Amino acid sequence: MDGEKEGGVPRQSLRRRGAKREEETKRGGATGRIPVPCCRAMTQPRACQEQEDGLREVTLSTQRLRVLPPAVLGNPALESLDLDRNKLRSITGISKLCSLKKLILSKNEIVDFPNEIQSLVCLEKLELNQNQIRVIPEGVFSHLPRLKHLRLNNNRLSALPRDLAACRGSLQYLNISNNLFRTFPQPVLQLAHLQELHVQNNALRQLPKELFQGQSLKMFKANGNPLREPPSEVCAGGIRQIRNYFNQLQHGSGQEDKRVKTMFLGASLAGKSTICKSLKQGQTKLVPKEERTVGIEISEFRIEDFTFLFWDFAGQLEYYMTHHVFITPQALVILVINLHMYQTNDKTFKELVGFWINNLSMRVPNSVVLPVGTHVDCCREEEVEEKRRDIMAKITAMLAERKSNLAHFINNLEGSEEPEFYMDQWERLKEMENCTLTILKLVAVNCMDHRDIKKLEDTILEHVKNEELFPEVVRVLPPVYRQVEVAIVDIAQSEEMADHGMMDLQYLLSKLSQCEHLANLGRELLQDILRYLHRIGLVVWYEEIKHLESTVFLQPTFLITMFKLLVRYRLVQQLESISVDTLIGEHATIRDRSNWVWTFKSKAMLCYQAVRALVKHQLCSEGMRDIFEEIMGHGPHRGRGKLFSLLEHFELCLEVRHAKVLNPQASEFVPGKPWETTRGQGESWYLFPTYLNQTEEVSEVWGGDHPEDLHIRAYFSPEIPEGFFQRLLVKACSFYSTYWVAKVTCLLICNGKPLLIKENNQRAYSYLELRCRKPAGRTGFQFAWDFLMAIVFIVQKLAEEWPGLHVCVKTPCRTAGCPAELIWPDMDGTNAMTKEDVKTCGTCGHCFGAELLLPKVPRKLEQSPAQPSAHYYVTSYGTTTFGPSSIHVNHQVRRLPPPLAQCPTLMASPLPSLLK
């Protein structure tokens, strides 16, 4: 393995096979030819011609270069040179290119910063990201007075040279994210014209206020740092909020706030609520079975000078669909396990422990997890110890298996013939490899023994005081933040406050302004503080949801109440129990109720009238009938109340309308701008994918798989997260007005063309399968691949919400029974994935048109192929290696696919907003 290994996390250079071709590449450089591999005939003429004509721009990306070609160095008029994704360790001779303005050296193997760059006095753009640079020497940047754009991210830097300040009059963009900075680099403060700064994923504890005193900075990203001043929750609000934060600190000394969000997870009846309430009250508190948590319950209490915000999550699977909204990083996770129910076998472990560990690994992979065993009073002492050892051993094995799988994926990419095409995937896997759950020693307790509760309290306190485990537990806040928080808690607990805790933003401001010390509180500062309180979980304010931007939930538990009105355990029984009085009030009959139940059981759909009756029934049972219209909407917003705004925002339901004619009152659709749908004709129905079951109708409409179908798979490791497929259905169906859906399948129709999405979620074999019929001509291939790519992008965008989830797209070989699969390259950059016309499977030896395997439009008949076919080899267990030939790849542009642009029946927001 190439590359140094001492210090920090090693970024090993990607290995490859094919030493003979590597020697040919070296010889090409030595003899003065541009070293373009022979299988890349498509790109070689352009590069050579540019050199011969003395043109100003040369692109030699992904050419496996180890030295700079003399033909390039012999062109002093060259202004732009792209050497991205090569194997360069040095750039000897680059100083000859004295006219160079743009130099791209990203994704190479550079360890020592190239000193020759100081001779490029005309340089305006320099990219050295994703190398292995540890130190930048002094005396380079002082010779680059025109430098505007500098990328140094994904290296091993811990400091910047002082002479970077020499670029103060020119540098506008700087990216030093994913390095090893522990203190903020002072030379950056002298860059007076800096407009965009990225410092994510370092080890910064504090940001200097001087950085935000000027007005030039327009974009700043700092997530992934253990920040105390300002806290990460403040930085997430953007530059304006950070400036306001420092302005408030000038009015008084900062106050340390020690706060820990604590999430109680575990299967149903594990004892989560009992432990939570016992800790809060300082004494044992048994919660009866009939009072178990429904949804999520929230409470706050203090241990010494630490404030704990307890979130008690219900254990039933139906409620897990809403958990992803509230499971956040930087929290202590208490995983409660019923030791009396636990058996030392794989099935019980998966149900009571493994399910939660797996989902935490995907959703919040850096979390700290404290397993707590309950019901020890029902077990023998030796039985408790045996089960403790078994649980901890199986968790350790789970994490080891995850680490082994990631190493396997990484080795596959490193060992491929063309690793440069997978650099982004490789980087992502390396990041995941360094993010793992911290599992603390299991604590066994008897929930009815106050001594055990005190022991658990001491254990929790010991761990949260450990700065290595919780580096962000201490936050420095302006006094006004704490003052507003205390005032809001007082308002929420006052007798005049309704149980639902909802309050208009402007009214909240007026109430807070009545406090003597908050008389000068402005709306902007209040919004800043609300954003902070929202991110730590004390209040809920969804300013990004149009119909909720003016509503603050001072009691977050009521928000959970709204969710569980329609996403809850045993919803069918709730429908069946709707009272006759409620039915009459909604102009419905008992027969209507029976129809609602049948439709929900068979199609997982409820009409608007049924939803109103169900919500009214449940609100009346909880004594909150007075807020029914506000939740459901009234007047011009009928059907667009707070409930549906929440459910649709979090992709828990989809509105389905049966419009038989065009609506002449529909608003104009303008690409790139929000589209407000008009209430059309026909009654609204709402689909709840969580409750889908049957698949026969989708299979019948699809008509079965055909061997000639275009066919790709998106593989998930470790598995497809719970609820992922259901949210994908909501996202995908919102773009196409014709579709059929079932529990694990979805059929979309666009311009009369079908596309099937199918879920297969087995251990070690989890994937989404996408299929569409083989097109007849060039135009058909363009449409079909754009249709497929639209869904691939939705999958990738949704997967970003699970930082510990690995997704890899592959195309199976088209030969029946052949296990080979072609792994897709990184999808970024230009608009084509391959220039080749034919590919040959290295396993079965059959040849296929490239347009049948990768997004590509076939050539016109009169055009002859420009190069021979390539080989690829893939093992049957889903890993890829490339054979002796090479595959030239350009990258897919994230643009609005033509199928979406052409389809006249779009229902929701345009795709570009989804892919931002």
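Residues numbered from 1 in each chain as written. Predicted model: local features only at pLDDT ≥ 70, side-chain atom pairs only at ≥ 80, totals over all residues. Heavy atoms only, no water.

J.: I would appreciate a short explanation of a nonpolar patch on the surface in the present structure.
T.: On the surface, a cluster of nonpolar side chains totalling about 270 Å² of accessible area is made up of Val580, Ile584 and Ile590. With respect to the helices, strands and loops of the structure, Ile584 is situated in helix 17 (residues 580–585). Since its relative accessible area comes to 55%, Ile584 is described here as exposed. (Patch = residues over 30% accessible without salt bridge, like charges linked within 9 Å, V, L, I, M, F, W, Y side chains within 5 Å. Areas by Shrake-Rupley, 256 points an atom, 1.4 Å probe, with all protein chains shown as cover. Salt bridge = Lys/Arg side-chain N within 4 Å of Asp/Glu carboxyl O. Helix = DSSP H or I, 4+ residues; strand = E, 2+ residues; numbered from the N terminus. Buried < 20%, exposed > 50% of the residue type's maximum accessible area, 1.4 Å probe, protein only.)

J.: Help me understand the sheet that holds strand 19 (residues 605–607), please; the structure alone is not making it clear to me.
T.: The sheet built from 3 strands is open, its strands ordered 19-21-20 with antiparallel pairing. Each edge of the sheet is formed by a strand with only one pairing partner; in this case those strands are strand 19 and strand 20 (654–656). Averaged over all pairs of adjacent strands, the angle between their axes in this sheet comes to 30°, without regard to strand direction. One ladder, built from 3 bridges, connects strand 19 with strand 21 (residues 685–687); its direction is antiparallel. Within strand 21, the residue paired with Leu606 across the bridge is Tyr686. (Pairing = 2+ DSSP bridges. Axes fitted to C-alpha atoms, helices over the stretch in contact; angles between N-to-C directions.)

J.: Would you mind showing me how to read the packing of helix 9 (residues 381–414) against helix 10 (residues 423–433) here?
T.: A packed helix pair is summarised by two numbers, namely the angle formed by the two axes and the spacing between the axes. The interhelical angle for the contact between helix 9 and helix 10, taken along N-to-C directions, is 155°, at an axis separation of 10 Å. Of the possible angle classes, the one that applies to helix 9 and helix 10 is roughly antiparallel. Crossing geometry of helix 9 relative to helix 10 is assigned as left-handed. Along the contact surface, helix 9 presents Arg402, Leu406, Ala407, Phe409, Ile410, Leu413 and Glu414, while helix 10 presents Gln425, Trp426, Leu429, Lys430, Met432 and Glu433. Of the residues in the contact of helix 9 with helix 10, the class split is 8 nonpolar, 1 polar and 4 charged. (Parallel < 35°, antiparallel > 145°, perpendicular 65-115°, else oblique. Left-handed = near helix turned anticlockwise from the far one by under 90°. Contact = heavy atoms within 4.5 Å. Nonpolar A, V, L, I, M, F, W, Y, C, P; charged D, E, K, R; others polar.)

J.: Sorry if this is basic, but what is going on with the nonpolar core here?
T.: Note on soluble globular proteins: their nonpolar side chains tend to be buried together. If you look at the biggest cluster of nonpolar residues, it comprises 230 residues, and the most contacted ones within it are Leu103 and Phe220. The element that contributes the greatest number of residues to this core is helix 24 (residues 778–799), accounting for 15 residues. Within the second largest apolar cluster, 29 residues are counted, among which are Val260, Ala270, Leu279 and Ile334. (Core = buried A, V, L, I, M, F, W, Y, C linked by side-chain atoms within 4.5 Å.)

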